[in-house]
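Examination of the molecular architecture
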Amino acid sequence: MVVFRTAPYGGIYSFEGLENVLIMGAYDQDVSVLFIDDGVLAIKKGMDNSGTGIKDFSPTFRALEAYDIEKIYIDRASMEVRGVSLEDLVIEPEVIEADAVEKMMEEQKNFFMF
Amino acid sequence: MEGPYQHEASDSAYQFTKAALAKGHEILRVFFYQDGVLNSNKLMDPQADDRHIRKQWSALAIENNIDFIVCVAAAKRRGINDTVTAEGFKIGGLGMLTELAIEADRLVEFRA
């Protein structure tokens with residue numbers, strides 16, 4: 001499972017996380033992706049980072065589908081606290097509750113935290 | 001992994017690797033990623049009364065013949081290439097981290 005838990009652009013983590021997911025997809029692995037905490041902001045639509053000089057990688061999350069990565073989840077409480085709804089996102093993850101997050105984490109072989 | 005000295009992550013990773021080997025575990029590979037690539041810099045020259053993180057790693061890699069891989073994309077961003085990496089370190093791709101996740105029983109990540 002690859003876990004996105006930090007906001008994009010302020011740090012390199014979400015970009016590195018995305019690169020990791022894409023590589024895993026190329027290796028045909030059974031990858032789950034979770035957006036939680038500030039990580040829910042990594043896939044927000046309409047971010048304008050043109051003034052920052054940092055590559056705009058948010059739209060690249062749409063490529064996950066092309067890599068057959070379908071297990072994409074987002075934590076409901078993290079969305080609510082940050083006022084994020086599904087319409088605000090560049091992809092459509094499945095919204096899950098904290099207990100489902102916990103259960104899913106128990107089933108994973110490896111974690112990659114970003 | 002994080003960069004050396006700024007956080008304890010490099011030290012923890014080193015101590016963990018050493019302890020795991022001492023307990024008879026097999027370490028398939030150590031993957032240096034993000035600022036962690038700076039662990040491989042042979043120009044590292046800390047003050048004499050401090051630990052030398054890069055030298056510790058090099059000794060561990062050579063003594064135990066372990067694959068120490070420095071992520072190429074992360075390295076290039078930070079001015080690290082094979083003229084800068086010290087003995088025991090090799091430049092490699094991110095796919096080698098995925099391979100680790102597939103092959104190893106456990107993958108342990110060291111972060112700040």
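Residues numbered from 1 in each chain as written. Chains lettered and ligands numbered in written order. Predicted model: local features only at pLDDT ≥ 70, side-chain atom pairs only at ≥ 80, totals over all residues.

**Observations regarding the overall build of chain A**
Helix and strand counts for chain A stand at three helices and five strands. Listing each helix as α and each strand as β along chain A from the N terminus yields β-α-β-β-α-β-α-β. Relative to the compact-globule value of 13 Å for 114 residues, chain A shows a C-alpha radius of gyration of 13 Å, a close match. Along the first, second and third principal axes, the C-alpha atoms of chain A reach 40 × 35 × 20 Å. Looking at the 114 residues of chain A, the share that counts as buried comes to 29%. Long-range contacts, defined as pairs at least 24 residues apart, comprise 74% of the intrachain contacts of chain A with a sequence gap of at least 6. (Helix = DSSP H or I, 4+ residues; strand = E, 2+ residues; numbered from the N terminus. Rg over C-alpha atoms; globule rule 2.2 N^0.38 Å. Buried ≥ 20, exposed ≤ 12 C-beta atoms within 10 Å, placed from the backbone. Contact = placed C-beta atoms within 7 Å.)

**Some points on the pairing of strand β3 (residues 71–75) of chain A**
Residues and elements named next belong to chain A. Direction of pairing for strand β2 (residues 32–35) relative to β3: parallel, over a ladder of four bridges. Its bridge partner lying in β3, L34 is registered against Y73. Strand direction decides the pairing type here: β3 and strand β4 (residues 94–96), joined by three bridges, are parallel. Within the sheet, the bridge partner assigned to D75 lies in β4 and is I96. What joins β3 to β4 is helix α2 (residues 76–81), and the crossover it makes is right-handed. (Pairing = 2+ DSSP bridges. Right-handed = clockwise from strand over helix to strand, strands pointing away.)

**What about helix α1 (residues 13–26) of chain A?**
An ideal rise of 1.5 Å per residue puts 20 Å on 14 residues; α1(A) measures up with 20 Å between its terminal C-alpha atoms. The inward-facing, buried residues of α1(A) contact β1 (2–4), β2 and β5 (112–113) of chain A together with α4 (95–103) of chain B. A:D28 sits one or two residues past α1(A) and shows a positive phi near 60°. (Expected span 1.5 Å × (residues − 1).)

**Quick look at the confidence of the model for chain B**
Overall, the predicted model of chain B reaches an average pLDDT of 96, with 100% of residues at or above 70. Here the complex is predicted with pTM 0.90, and the ipTM for its interfaces comes to 0.83. (pLDDT = per-residue confidence, 0-100.)

**So, unusual backbone geometry**
Not every positive phi belongs to a glycine, and A:D37 is a case in point at roughly 55°. As for its placement among the helices and strands, A:D37 is situated in the loop between β2 and β3. Taking the C-beta count within 10 Å as the criterion, A:D37 has 16 such neighbours and is therefore assigned partly exposed. The backbone of B:N65 sits at a positive phi, close to 55°, despite the residue not being glycine. Structurally, the position occupied by B:N65 is in the loop between α2 (53–64) and β2 (67–71). Of the residues examined, B:N65 has 7 C-beta atoms within 10 Å and is grouped as exposed.

**Some details on the sheet that holds β2(B)**
Strand pairing in a sheet is mediated by backbone hydrogen bonds. Such pairs are either parallel or antiparallel. Residue and element names in this part refer to chain B. If you trace the three strands from one edge of the open sheet to the other, you get β1-β2-β3, paired in parallel fashion. Edge positions in the sheet fall to β1 (29–32) and β3 (89–92), since each has one partner strand and no second. Averaged over all pairs of adjacent strands, the angle between strand axes in this sheet comes to 30°, irrespective of strand direction. The pairing of β2 with β3 spans four bridges and is parallel. By the bridge assignment, I69 is partnered in β3 with K90. (Axes fitted to C-alpha atoms, helices over the stretch in contact; angles between N-to-C directions.)

**Some details on the nonpolar core**
Grouped together as the largest cluster of nonpolar side chains are 24 residues, with contacts concentrated most on A:V2, A:V21, A:V33 and A:F35. Sort the elements by how many residues they give to this core and α1(A) lands first, with four residues. Apart from the residues lying within four places of it in its own chain, the contact partners of A:V21 are A:V2, A:V31, A:V33, A:L64 and A:I69. Membership of the second largest hydrophobic core comes to 21 residues, among which are B:A13, B:W57, B:F68 and B:I69. (Core = buried A, V, L, I, M, F, W, Y, C linked by C-beta atoms within 7 Å.)

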